[in-house]
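A closer look at the structure
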Amino acid sequence: MPDKQCRRCKEQEAVHTIRADPICNDCFSLFVKTKTVKRLEVLNRETKSSHTGRPGGGAPNSNVRKFYAGLSFGPSSSALVDICEQIIVGRLSRGRDAAFNLHVVHVDTDLEQSSTDLDTPSPAEQRLDQWRARYPRFTFERVPLKDILALDTIDWATLLPSNTTEETEQKASQAQRPSTPADLRTIISNLPSATSRRDVLDLLVRRLLISKAAFTAENAPYDALLLGCSTTALAERTLAETAKGRGFSLPWQINDGAIEDGAGHKLALYHPVRELFRNELVLYLSAVAQPPLTEGDFVLMPASASSAAAVVSHKDLSIEEVMTRYFAEVELNYPSIVANVVRTTAKLERHSHDHVHDHDGGESTSPGCRVCGMPLDEAGNERWKGEIGPLDGPEGDPRLRVERLCYGCERSIHG
Ligand SMILES: [Zn+2]
Ligand SMILES: [Zn+2]
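Summary of the structure given here. (Residues numbered from 1 in each chain as written. Chains lettered and ligands numbered in written order. Predicted model: local features only at pLDDT ≥ 70, side-chain atom pairs only at ≥ 80, totals over all residues. Heavy atoms only, no water.)

This part covers the coordination of the zinc ion (ligand 1). Protein-derived ligands of the zinc ion (ligand 1) are C6 (SG), C9 (SG), C24 (SG) and C27 (SG), with the metal-ligand distances lying across 2.3 Å. Angles of 102 to 116° at the metal separate the 4 donor atoms of the zinc ion (ligand 1), which places the site in the tetrahedral class. Mapping the donors of the zinc ion (ligand 1) onto the primary sequence yields the spacing C-x2-C-x14-C-x2-C. Taken as a pair, C9 in the segment before strand 1 (16-18) and C24 in the loop between strand 2 (21-23) and helix 1 (25-46) lie far apart in primary sequence, 15 residues in all. Residue C24 is classed as buried on the basis of its relative accessible area of 1%. (Donors = N, O, S within 2.8 Å, 3.2 Å for Na, K, Ca; no water. Tetrahedral: all angles 85-135°; square planar, octahedral: opposite > 155°, others 65-115°. Helix = DSSP H or I, 4+ residues; strand = E, 2+ residues; numbered from the N terminus. Buried < 20%, exposed > 50% of the residue type's maximum accessible area, 1.4 Å probe, protein only.)

Summed over all chains, the structure comprises 8 aromatic pairs. Centre to centre, the rings of Y68 and Y222 are 5.1 Å apart; their planes meet at 80°, and the pair counts as edge-to-face. Of this pair, Y68 sits in strand 3 (residues 65-70) while Y222 sits in the loop between helix 8 (194-219) and strand 6 (224-226), and the two are 154 residues apart along the sequence. Residue classification places Y222 among the buried positions, given a relative accessible area of 14%. Pairing F73 with W131 gives two aromatic rings, centres 6.1 Å apart and planes at 40°, and the pair type is tilted. Of this pair, F73 sits in the loop between strand 3 and helix 3 (75-93) while W131 sits in helix 4 (residues 123-134), placing them 58 residues apart in sequence. (Phe/Tyr/Trp six-rings, centres within 6.5 Å; stacked < 30°, edge-to-face > 60°.)

Right, let's get into the coordination of the zinc ion (ligand 2). Around the zinc ion (ligand 2), the protein contributes the donor atoms C369 (SG), C372 (SG), C406 (SG) and C409 (SG), which lie 2.3 to 2.4 Å from the metal centre. Because the angles between the 4 donor atoms bound to the zinc ion (ligand 2) fall within 106 to 116°, the donor set is best described as tetrahedral. Donor residues for the zinc ion (ligand 2), ordered by position in the chain, follow C-x2-C-x33-C-x2-C. Residue C372 is located in the loop between strand 10 (363-364) and helix 15 (378-386), and its partner C409 is located in helix 16 (residues 407-414); the two are separated by 37 residues in the primary sequence. For the pair formed by C372 and C409, the shared burial category is buried.

It is worth stressing that arrangement in space is one thing and function is another; only the former is reported here.
Written out as structure tokens, the structure is:
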């Protein structure tokens, strides 16, 4: 039956429909790997000079690069780990070198852990053990979200409840610097809405990954941080961040390339599965890969949504969840729209941290937003505020501190 023949190899029976083509499982697997390899080649090309010129620079005789990869246990990052394994296996079987290796990091957002028995490995650690057994070539590490509390690049005072007076507040910012998982849990649950909680949690996870990767990179050189974001995930983030007033930061959040962690460390950040849709990665997991996942993991839902639910219960939907539902539908019926959202964003220019124009027309260095770490768009922030009126209270109002926050963080924290 000709309809059932794979359109690519024209030999095997087609079992999937991918981008309107009936294709067989082998060709589908090749399609996913090729899309990923192409992005890794771009990474390789764009970071080549930093690879050879880095101080202390790795093993000069080795062409095998080391990447730091985030794993949320969701479909996209899980698929990324397996795709990398398959790419390496394929290279080795052709007598070539491995090209790269992964150090895979899971940020554990379970803030209840402190109360449980320390001798028992956390659920995330137990899960990682399965991954270690399945992918012995890679190293896996669990990083508790509470490690974020050690970061000085986050202005914790801005995240504390703003019902204190000026006097107590000065003490508060020192005495009450959050230090335990329970503190962090309180900060997150005190945020004004489901969107705020999800937003702050997501950006803390992201900042922790970036900061760990950038910091570790100085000691044991890593060439890049890889995040498993599909086209769909990037499109969702584009619209969600725009809705939250962080449109200015999109080039740093969506595009591939060098970013900085807010403490002066530079890091290359790439999304190797950015050309694949989420449903393709979910299909890859069930049809090609055999990652150590349980049945319930094959749900079309980003893992971060479920981890957000683990931290705080929410009655209403966050903007991210609305976007996820919306794009799940758009992806099925109009996939080109999803891809276009991301391609359009990719054309936006980055205005760097280092070249912020001050009022005298000169340039100064901006540390960026003290919570999300993204560069501040000062004129833009004014515009955003202008549409709803100024938020700054009278002198001494803790909310005066918000001038170090971008518009998006300001809204997330203060409602
Ligand atoms: Zn085929
Ligand atoms: Zn911010």
